[in-house]
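# Secondary and tertiary structure notes
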Amino acid sequence: MWFQTATFYEISIHAFYDSTGDGIGDIPGVTAKLDYLEWLGVDCLWLLPFYPSPMVDGGYDVSDLTGVREEFGTLDDVKELLTEIHARGMRAIADVIVNHTSDQHPWFQAARRPGSATRDWYVWSDASDRYADSRVIFIDTQDSNWEWDETAGAYYWHRFYAEQPDLNFDNPDVREAVKDVVRFWLDIGFDGLRLDAIPYLYEREGTISENLPETHAFIKELRAMVDAEYRDRIMLAEANQPPPDVVAYFGDGDECHMAYHFPVMPTLYMALKREDASDIVKALEATPAIPPNCQWGVFLRNHDELTLEMVTDEDRAYMYQEYAPDPAMKKNVGIRRRLMPLLGNDRSWFELLHGVLLSLPGSPFLYYGDEIGMGDNYLLNDRDGVRTPMQWSGNPGAGFSTADPSRFSVPLIADPAYEPGKVNVADQQASRSSLLNWVRSLLAVRRSLPVFGTGSFELVDLGDPAVLGYRRFDRQTDTLVVANFSSSPRSVELEHPMVDLWSGRLWNDAVELPGCEFAWLGMVP
Ligand code: NOJ
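Here we summarise the structure given alongside this text. (Residues numbered from 1 in each chain as written. Predicted model: local features only at pLDDT ≥ 70, side-chain atom pairs only at ≥ 80, totals over all residues. Heavy atoms only, no water.)

## Considerations on helix α7 (residues 213-229)
How we decide: Note on conventions: DSSP H or I runs of at least 4 residues are helices, E runs of at least 2 residues are strands, and numbering of each starts at the N terminus. Each helix should span, by expectation, one fewer than its residue count multiplied by 1.5 Å. Note on classification: 1.4 Å probe, protein chains only; a residue is buried when its accessible area is under 20% of the maximum for its type, exposed when over 50%, partly exposed between these limits. The contact definition used throughout considers only heavy atoms, calling two residues in contact when any of these lie within 4.5 Å.
With 17 residues, α7 should reach 24 Å at 1.5 Å per residue; the first-to-last C-alpha distance of 24 Å fits that figure. Residues of α7 that are buried: Thr-215, His-216, Phe-218, Ile-219, Leu-222, Arg-223, Met-225 and Val-226. Tucked inside the fold, the buried residues of α7 contact α6 (172-188), β7 (192-195) and β8 (234-237).

Following this line, the structure appears as structure tokens:
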């Protein structure tokens, strides 16, 4: 059950650290930075796709599902990285991307050949009007989920870029091949796998082809295999769906161990600007209970756009208005910005959101660079603007690489408010009051409070919509979290004296919260 109390940290390998001086981050580069990650206090690394890929979709277009991208290193480098991670008592998960492959994958190349015996590994049609009720996800670039293939003389189905044909899960050979991919990475030593785009495995006429019963049946099959053949490994669902549909990915505790809590994420941002926590409360109330052997993954940002696919039209319009004033900030149905720029570089907002994120039911997922408040560049292609090189120092190349920065695959941030000279790990490690050291302290306090991972959750109505309140408790520990989303101070009455679990300050009848502040409170011993 390690995943129930772990803090996860998401790494874009190409952007983390370049150990060879070619301008591209690599796997030995991650190994070289493990001391930093251990120091920061994260428990489990999530490595973004490191497989061979034409890089149409940031590596989510895979041309060899059991290979390693040459620029990133070798399979031995991956094994070495895992050995070093495990030696530090940390863990790592990897992406398994099996809804689709790259069109360059040998499976697709074989399938499209006229008379191919494996044609059926992908989803083909003579007409482009099948499954017409299925939405297009990448609306900025795709106008259909069908693409004509001249060689095959047929249309093929794709939920993402046209260069990412969907595998046909109705074919038992595909299902077996996918299980072998899962086995391959678990055999190498990964502690778990993030199942990318898992709602879209099957297509059925007259449905939206998402969350189909066949998909859940396959996940159960996969889970049974993982449980039978491995110990202590996890499956994490990437299912951007409304609450009841996300919860379905836990099954009866016999599907995924974890799923991202997509529904609550945008409400955290709405609450800040509205100075009103009601949307968070609503999202949490709408979240069904999950099986005891499962856990949510909660997050503020990741390598994608801040998705607004599942919010109401009204909330989406509000989010765009508040957080995407420049239309170039929009991407598909979402906003391609990093955390700190979204928050207008406001540290109190950053702290407030982390105080909530780290105490909500779930295990927090941090995105590399957010711990130092890195900036973004929404003018870059696709989502590259939130995938820029990690800023290790103010040196040329940001301490990321010794190569000429003009050779970097994604350029450094140049915005004067966020450029490497202004925002970097080295300076912040040296300053006690830095954002980085603040995040590190918060993670340390959280680690001492396993109740935030495994305890019960109960909303507490404090009679003020600006103040979010909830209890996290188990048999040993009782805590109260209060978060003031108003910019002005609030006083929250207490039923009994409580102690601030971070500062040790004692509050007798009430806790005084300045604007945009939170407190983690515990019983007085
Ligand atoms: C979700 C991934 O996070 C995203 O980056 C990718 O584009 C899609 N799945 C398709 O694989």
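## Regarding empty space enclosed by the protein
This is how it is decided: Buriedness of a pocket was judged along seven lines, with at least five required to meet protein on both sides within 12 Å; pockets are open sets of points on a 1 Å grid over the protein atoms alone, cavities are sets where a 1.4 Å probe fits but cannot get out, and lining residues have an atom within 4 Å of a point. Grid points are joined across faces, edges and corners, and a volume is the space filled by probe spheres set on the points. Under this grouping Gly is polar, as are all residues other than the nonpolar Ala, Val, Leu, Ile, Met, Phe, Trp, Tyr, Cys and Pro and the charged Asp, Glu, Lys and Arg.
In the structure shown here, the tally under the stated rule is two cavities of 30 Å³ or more. Surrounding the largest cavity, 24 residues form its lining, Phe-138, Phe-160, Glu-238, Asp-304 and Arg-383 being those nearest its centre. Of the residues belonging to the lining of the largest cavity, the class tally is 10 nonpolar, five polar and nine charged. If you go around the second largest cavity, the residues you meet are Leu-300, Arg-301, Leu-339, Phe-350, His-354, Leu-357, Phe-365, Leu-366, Tyr-367, Asp-370, Glu-371 and Val-439. Breaking the lining of the second largest cavity down by element, the ones donating at least two residues are α13 (347-357) and β13 (363-367).

## Observations regarding the site of the ligand
Our working rule: One heavy atom within 4 Å of a molecule or strand makes the whole residue count as near it. Two N or O atoms form a polar contact when they lie within 3.5 Å of each other; inside protein one atom must be a possible hydrogen donor and the other a possible acceptor, and for residues adjacent in sequence the pair counts only when both atoms belong to side chains. Each accessible area is a Shrake-Rupley result for a 1.4 Å probe, and residues are judged covered by the shown protein chains and nothing else. By definition, a pocket or cavity contains a molecule when more than half of the molecule's atoms lie within 2 Å of the pocket's grid points.
Within the structure, the ligand sits among Asp-57, Tyr-60, His-100, Phe-138, Phe-160, Arg-194, Asp-196, Glu-238, His-303, Asp-304, Arg-383 and Arg-387. Contact distances for the ligand include 2.5 Å between an oxygen atom and a side-chain N or O atom of Asp-304. Out of a free accessible area of 300 Å², the ligand has 97% covered by protein chains. The cavity that encloses the ligand is the largest cavity.

## Side note on the environment of Arg-387
Inspection of the secondary structure assignment puts Arg-387 in the loop between β13 and α14 (425-430). Once the C-alpha coordinates of Arg-387 and Asn-437 are considered, the two residues, 50 residues apart in sequence, prove to be 23 Å apart. When near neighbours in sequence (up to four residues on either side) are disregarded, Arg-387 contacts Ser-12, His-14, Ala-15, Gly-58, His-303, Asp-304, Tyr-367, Tyr-368 and Val-410. One polar contact links the side chain of Arg-387 to the main-chain carbonyl oxygen of His-303, over a distance of 2.8 Å.

## Considerations on the packing of aromatic side chains
This is how the line gets drawn: When two rings of Phe, Tyr or Trp (its six-membered ring) have centres within 6.5 Å they constitute a pair, described as stacked for plane angles under 30 degrees, edge-to-face for angles over 60, and tilted for the intermediate range. The rule for a charge over a ring is simple: NZ of Lys or CZ of Arg within 6 Å of the ring centre, and within 35 degrees of the ring normal.
As enumerated under the stated definition, the model contains 44 aromatic pairs in all. Within the aromatic cluster, the residues linked to one another by ring pairs are Trp-2, Phe-3, Phe-8, Trp-46, Tyr-260, Phe-262, Phe-299 and Phe-365. For Arg-274, the ring lying beneath its charged end belongs to Tyr-318, and the centroid distance is 4.0 Å. Its guanidinium or amino end placed over the ring of Phe-473, Arg-471 lies 3.8 Å from that ring's centre, counting from NZ or CZ.

## Details of the sheet that holds strand β1 (residues 8-11)
The line we're drawing: A pair of strands is treated as paired once DSSP finds two or more bridges between them. Whenever a helix is involved, its axis is fitted only over the stretch in contact; in every case the axis is a line through C-alpha atoms, and angles between N-to-C directions fall within 0 to 180 degrees.
The eight strands are arranged β1-β2-β3-β7-β8-β9-β10-β13 in a closed barrel whose pairing can be described as parallel. Adjacent strand axes in the sheet meet at a mean angle of 25 degrees, parallel and antiparallel pairs treated alike. Bridge count between β1 and β13: three bridges; the pairing is parallel. Across the sheet, the residue bridging to Tyr-9 is Leu-366, located in β13.

## Notes on helix α4 (residues 75-87)
Cut-off, in case you're wondering: Picture the helix axis, draw a direction to every C-beta atom, and the arc is the one those directions span.
With 13 residues, α4 extends 18 Å between its outermost C-alpha atoms, agreeing within 8% with the 18 Å of an ideal straight helix rising 1.5 Å per residue. For α4, the complete set of buried residues consists of Val-78, Leu-81, Leu-82 and Ile-85. Burial along α4 is one-sided: seen end-on, the buried residues are contained in an arc of 95 degrees. Facing away from the buried surface of α4 by more than 90 degrees, the exposed residues are Asp-76 and Ala-87. Where the residues of α4 are buried, they touch α2 (27-32), α3 (34-40), β2 (44-47), β3 (91-96) and α6. One or two residues past the end of α4 sits Gly-89, with phi positive at roughly 75 degrees.

## Digging into the pattern of salt bridges
A side chain of one charge can pair with a side chain of the opposite charge if their charged atoms are brought near each other. Heads up, the condition is: Any Lys or Arg side-chain nitrogen located within 4 Å of an Asp or Glu carboxyl oxygen qualifies as a salt bridge.
Per the stated rule, a full pass over the model turns up 38 salt bridges. Between Arg-183 and Glu-229 there is a salt bridge, with its nearest N and O atoms 2.7 Å apart. Of this pair, Arg-183 sits in helix α6 while Glu-229 sits in helix α7; the two residues are 46 residues apart in sequence, bridging distant segments of the chain. Relative accessible area serves as the criterion here: at 40%, Glu-229 is assigned to the partly exposed category. Through salt bridges with shared partners, a single network forms among Asp-57, Asp-304, Asp-382, Arg-383 and Arg-387.

By themselves, these figures tell us nothing about what the structure is for.
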